[in-house]
Amino acid sequence: SIYISTYVILVAGVLSSQVGYAEKESCVINGAILIIISLMISKVSHASFIKDFMNKKLMTENSAYLENARKMLEEAVQKRTEELMKANEQLLYEMNARHEMKIQMYKAELEYQEKKKQLDEAVEYDRLRSEFFANISHELRTPLNMIFSIIQMFDLYINKGWEKDNKDKVNQYITTMRQNCYRLIRLINNLIDITKIDAGYFKLNLSENDIVKIVEDITSSVSQYAEANGLGISFETEIVEKFIACDPDMIERIILNLLSNAIKFTGPGGHIAVRLFEKNGNMAVSVKDSGIGIPQDKQESIFGRFIQVDKSFARSKKGSGIGLSLVKALVEMHEGRIEVISEPEKGSEFIVEFPDKAIDGACDNMVLINKFDDKTETIRVEFSDIYKCG
Ligand code: ADP
């Protein structure tokens with residue numbers, strides 16, 4: 001209607017103007033064409049406006065819907081996250097509780113094990129104590145009974161006046177008495193030393209000594225005992241001279257113990273070989289015999305206290321079963337080690353390793369006990385289990 005009224009005004013204007021008919025006609029036609037074109041253009045832009053408008057409206061509606069959906073989704077996610085977090089917390093709590101329970105169970109188990117261990121140890125300690133007293137009583141009583149019987153015999157001899165005519169017999173009794181005194185001294189020495197070692201009071205008197213000479217001297221001084229028992233004894237060394245930090249008296253005691261066992265457990269006609277050599281950078285002393293040997297399952301336990309492989313046999317052979325435990329303790333005090341290689345009926349080899357080291361100034365000084373100045377006396381004591389004394 002705007003376009004038609006505009007056109008009417010235009011036509012009225014043209015008609016009222018003073019121009020010629022032909023101009024008026026062209027003006028009216030041009031105006032009509034212009035109006036038609038404008039109308040068409042406005043139609044097109046109107047349609048696209050409407051389309052745009054509709055699109056925008058749709059988009060606004062869509063985005064509101066989407067926004068709404070987004071919000072709902074966010075809320076759902078938020079809710080789910082909270083739920084998950086709660087579930088997670090619960091899970092963590094349960095895991096912690098379970099973990100705590102496991103720790104408690106583990107602690108209870110440990111406590112139980114510890115208590116069981118303490119109880120086992122107490123029972124074992126009690127057993128060892130009883131065994132210890134039984135062994136000690138036996139070992140002390142046997143030589144004492146022997147001495148006591150001989151004293152009774154002497155009483156009888158003196159009362160009857162037989163001593164003068166039986167000098168040999170009397171001398172034999174005296175030898176037996178002396179031997180049993182040595183046995184008692186050895187046992188008491190070993191007991192005192194073991195107790196001191198256990199209590200940490202036993203100190204080595206370290207000095208630098210030629211271990212080759214110590215071992216050689218001690219071997220040759222017991223050769224008469226070996227020979228008197230029908231055994232051959234040899235000494236061999238790969239090293240001529242070796243000065244190491246050691247307590248010479250204790251080295252003697254170690255070797256004497258090993259030699260005394262070798263003689264005790266090897267029958268007549270057997271052989272004992274003492275050998276010095278280098279092993280793992282240490283000085284090694286081997287005492288090897290061709291005696292009765294030690295069963296595989298006993299080879300570790302013989303270094304324990306009062307352990308005798310065959311008690312009946314050992315009883316007949318005399319011995320308390322503490323010699324090797326003392327030897328091991330003394331070797332370890334020298335920072336050395338001892339091992340045994342043995343096969344029943346074939347023989348045994350005890351190898352003692354002493355570290356090849358010098359005095360380092362920090363050595364403790366000695367607390368020595370029951371030390372005889374005379375080596376013969378030491379040998380008599382250490383060999384008191386062996387009756388044939390050459
Ligand atoms: P014991 O005073 O009884 O000899 P030890 O501690 O010296 O005590 O030895 C423990 C046990 O080890 C001995 O009773 C014996 O059974 C065994 N034993 C030690 N040395 C030898 C050896 N050279 N040959 C065979 N058995 C041995």
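Residues numbered from 1 in each chain as written. Predicted model: local features only at pLDDT ≥ 70, side-chain atom pairs only at ≥ 80, totals over all residues. Heavy atoms only, no water.

A.B. asks: Talk me through helix H7 (residues 323-333); I want residue IDs and the actual numbers.
C.D. replies: A turn of α-helix holds 3.6 residues, and therefore any two residues three or four places apart point the same way. Of all eleven residues that make up H7, eight are buried, and the element is covered over most of its length. Tucked into the core, H7 has its buried residues touching helix H3 (167-199), helix H5 (248-264), strand S6 (337-343) and strand S7 (347-355). In the stretch just after H7, Glu335 is the one whose phi turns positive, near 65°. (Buried < 20%, exposed > 50% of the residue type's maximum accessible area, 1.4 Å probe, protein only. Helix = DSSP H or I, 4+ residues; strand = E, 2+ residues; numbered from the N terminus. Contact = heavy atoms within 4.5 Å.)

A.B. asks: Lay out the side chain of Thr219 with the relevant residues and their values.
C.D. replies: Looking at the element boundaries, Thr219 is found in helix H4 (residues 211-228). Residue class for Thr219 comes out buried when judged on its relative accessible area of 4%. Polar contacts involving the side chain of Thr219 include one to the main-chain carbonyl oxygen of Val215, which spans 2.6 Å. Setting aside anything within four residues of it in sequence, one finds Thr219 in contact with Ile233, Ser234, Phe235, Leu259 and Val274. (Polar contact = N/O pair within 3.5 Å; in protein donor to acceptor, adjacent residues only side chain to side chain.)

A.B. asks: Give a description of unusual backbone geometry that names residues and reports values.
C.D. replies: Within the chain, Glu335 stands out as a residue other than glycine whose phi angle is a positive 65°. Residues other than glycine seldom take positive phi values, yet Glu345 does so here, at roughly 70°. By secondary structure assignment, the location of Glu345 is in the loop between S6 and S7. The class of Glu345 is exposed, set by a relative accessible area of 69%.

A.B. asks: Can you tell me about the pattern of salt bridges, naming the residues and giving the values?
C.D. replies: A full pass over the atoms with the stated rule returns 17 salt bridges. Here Lys242 ties to Asp356 by a salt bridge, and the two come within 3.1 Å at their closest N and O atoms. Here Asp356 lies in the loop between S7 and helix H8 (375-382) and Lys242 lies in the loop between strand S2 (232-237) and strand S3 (243-246), a separation of 114 residues in the sequence. Given a relative accessible area of 25%, Lys242 falls into the partly exposed group. Its relative accessible area of 37% is what places Asp356 among the partly exposed residues. A single salt-bridge network, built from bridges that share partners, covers Arg186, Asp193, Arg253 and Glu382. (Salt bridge = Lys/Arg side-chain N within 4 Å of Asp/Glu carboxyl O.)

A.B. asks: Can you explain the confidence of the model for the protein chain? Please cite residues and give values.
C.D. replies: Low pLDDT marks stretches whose predicted atomic positions should not be read closely. Of all residues in the protein chain, 91% attain a pLDDT of 70 or more, and the chain-wide mean is 87. A low-confidence stretch, residues 362-372 (pLDDT under 50), is modelled with 25 contacts involving residues beyond four sequence positions or located in other chains. (pLDDT = per-residue confidence, 0-100.)

A.B. asks: Kindly report on the sheet that holds S2, identifying the contributing residues and their values.
C.D. replies: Strand order in this open sheet of five strands is S2-S4-S5-S7-S6, and the pairing throughout is mixed. For this open sheet the edge positions go to S2 and S6, each flanked by a neighbour on one side alone. With direction set aside, neighbouring strand axes in the sheet form an average angle of 15°. Here six bridges tie S2 to strand S4 (residues 271-279), and the two strands are oriented parallel to one another. Residue Gly232 lies in a different strand from S4, and its bridge partner there is His271. Against the sheet, H7 contacts S6 and S7, and its axis sits at roughly 140° relative to S6. (Pairing = 2+ DSSP bridges. Axes fitted to C-alpha atoms, helices over the stretch in contact; angles between N-to-C directions.)

A.B. asks: Before we move on, can you summarise the side chain of Asn209 with the specific residues and values?
C.D. replies: Relative to the helices and strands, Asn209 is located in strand S1 (residues 207-210). In this view, Asn209 contacts Ile214, Lys242, Phe243, Ile244, Cys246 and Pro248; residues no more than four positions away in its chain are not counted.

A.B. asks: For the packing of aromatic side chains, give the residues involved together with the corresponding values.
C.D. replies: Considering all chains together, one arrives at six aromatic pairs under this definition. Summarising the aromatic geometry, the rings of Phe154 and Tyr173 are spaced 6.1 Å apart at their centres and angled 80° between planes, so their arrangement reads as edge-to-face. Of this pair, Phe154 sits in helix H2 (residues 21-160) while Tyr173 is found in helix H3, placing the two residues 19 residues apart along the sequence. Residues Phe154 and Tyr173 agree in their burial class; the two are buried. One aromatic cluster in this structure is built from Phe154, Tyr157, Trp162 and Tyr173. (Phe/Tyr/Trp six-rings, centres within 6.5 Å; stacked < 30°, edge-to-face > 60°.)

A.B. asks: I'd love a proper account of the environment of Ala199, names of residues and values included.
C.D. replies: By secondary structure assignment, the location of Ala199 is in helix H3. By relative accessible area, which is 47% here, Ala199 ends up partly exposed. Between the alpha carbons of Ala199 and Ala108 there is a distance of 34 Å; along the sequence they are 91 residues apart.

A.B. asks: Any chance you could break down the packing of helix H1 (residues 2-16) against H2 for me, citing the residues and the numbers?
C.D. replies: Two elements in contact, H1 and H2, have axes whose closest approach is 10 Å; the angle formed by their N-to-C orientations is 165°. Classified by the angle their axes make, H1 and H2 are roughly antiparallel. Note on packing geometry: the crossing formed by H1 with H2 is right-handed. Counting all contacts with H1, which are made through Tyr3, Thr6, Tyr7, Leu10, Val11, Val14 and Leu15, the residues of H2 involved are Lys24, Cys27, Val28, Gly31, Ala32, Ile35, Ser38, Leu39 and Ser42. Grouping the amino acids of the contact of H1 with H2 by side-chain chemistry returns eleven nonpolar, four polar and one charged. (Parallel < 35°, antiparallel > 145°, perpendicular 65-115°, else oblique. Left-handed = near helix turned anticlockwise from the far one by under 90°. Nonpolar A, V, L, I, M, F, W, Y, C, P; charged D, E, K, R; others polar.)

A.B. asks: Go over a nonpolar patch on the surface with me, naming the residues and quoting the values.
C.D. replies: Taken together, Ile29, Ile33, Ile37 and Ile41 make up a surface patch of nonpolar side chains, about 360 Å² in accessible area. With respect to the element layout, Ile37 can be found in helix H2. (Patch = residues over 30% accessible without salt bridge, like charges linked within 9 Å, V, L, I, M, F, W, Y side chains within 5 Å. Areas by Shrake-Rupley, 256 points an atom, 1.4 Å probe, with all protein chains shown as cover.)

A.B. asks: For the pairing of S7, give the residues involved together with the corresponding values.
C.D. replies: For S7, the tally of buried residues reaches nine of nine residues, placing the bulk of the element in the interior. With burial as the criterion, each face of S7 is covered, one bearing Gly347, Glu349, Ile351, Glu353 and Pro355 and the other bearing Ser348, Phe350, Val352 and Phe354. Pairing analysis gives eight bridges linking strand S5 (residues 282-289) to S7, with the strands arranged antiparallel. Note that in S7 the partner of Ala284 across the bridge is Glu353. When S6 meets S7, the two strands line up antiparallel, connected through seven bridges. Across the sheet, Arg337 pairs through a bridge with Glu353, a residue of S7. Two successive antiparallel strands, S6 and S7, enclose a turn made up of three residues, where Glu345 displays a positive phi of approximately 70°.

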